[in-house]
Amino acid sequence: MSEAQLATAADTEVLAKRLADAFHEDALTRWITPDDARRATVLPAFFREFLDISLRHKGVYVNSTLDAALLFLPPGAWEETETRG
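Parameters at a glance
- Residues numbered from 1 in each chain as written.
- Predicted model: local features only at pLDDT ≥ 70, side-chain atom pairs only at ≥ 80, totals over all residues.
- Heavy atoms only, no water.
- Helix = DSSP H or I, 4+ residues; strand = E, 2+ residues; numbered from the N terminus.
- Buried < 20%, exposed > 50% of the residue type's maximum accessible area, 1.4 Å probe, protein only.
- Contact = heavy atoms within 4.5 Å.
- Areas by Shrake-Rupley, 256 points an atom, 1.4 Å probe, with all protein chains shown as cover.
- Lys, Arg positive; Asp, Glu negative; His and termini not counted.
- Charge placed at Lys NZ, Arg CZ, Asp CG, Glu CD.
- Salt bridge = Lys/Arg side-chain N within 4 Å of Asp/Glu carboxyl O.

A tally of helices and strands in the protein yields 4 helices and 3 strands. Of the regular secondary structure in the protein, the N- to C-terminal order runs β-α-α-α-β-β-α. Counting only C-alpha atoms, the protein reaches 35 × 35 × 20 Å along its principal axes. Relative to its 85 residues, the protein shows a buried fraction of 28%. Taking all contacts inside the protein whose residues are at least 6 apart in sequence as the whole, residues at least 24 apart take part in 56%. On the protein, roughly 5,800 Å² of surface is accessible, and the fraction owed to carbon and sulfur atoms is 60%. Averaged over its 9 positive side-chain charges, the protein has a centre that lies 3 Å from the centre of its 14 negative ones.

Here we take up the pattern of salt bridges. Inspection of the entire model under this criterion finds 6 salt bridges. The closest approach of N and O atoms between Glu-13 and Arg-48, which form a salt bridge, is 2.9 Å. Remark: Arg-48 occurs in helix H3 (residues 36-56) and Glu-13 occurs in helix H1 (residues 12-23); sequence separation between them is 35 residues. Judged by relative accessible area, which is 30%, Arg-48 ranks as partly exposed. Across the pair Arg-56 and Asp-52 runs a salt bridge, and its minimum N-O distance is 2.9 Å. Separated by 4 residues within a single helix, Arg-56 and Asp-52 lie in helix H3, roughly one turn from each other. By relative accessible area, which is 31% here, Asp-52 ends up partly exposed.

Don't take any of this as a statement about function, it's just geometry.
Spelled out as C-alpha cells, the structure:
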C-alpha cells in the first residue's frame, strides 16, 4: 500500500483523465450531460478546473500510482469556483 502524498501540477492531466473516466457513467454527470461523447469531452476540463483550484490550496492528495485521489478546499475557497467561467 502506498502512502498519500501531495499532488503537483504535473499530475493534473493524468488526474483529470482518471476522474473523468471514473465519473463518466455517474448518474449525476449523465443527467447534466446526457450525450456520451460530449460528457467525455467536458468532464476532463471540469476536473482540471477543480484540480487547479485545489492544487493552489494544497488540497490534492494522491497515491504513488495516481489511481486514487482526494480533492478538497479549505473554508472559503469554494467561492473561487464561482468566479471562474
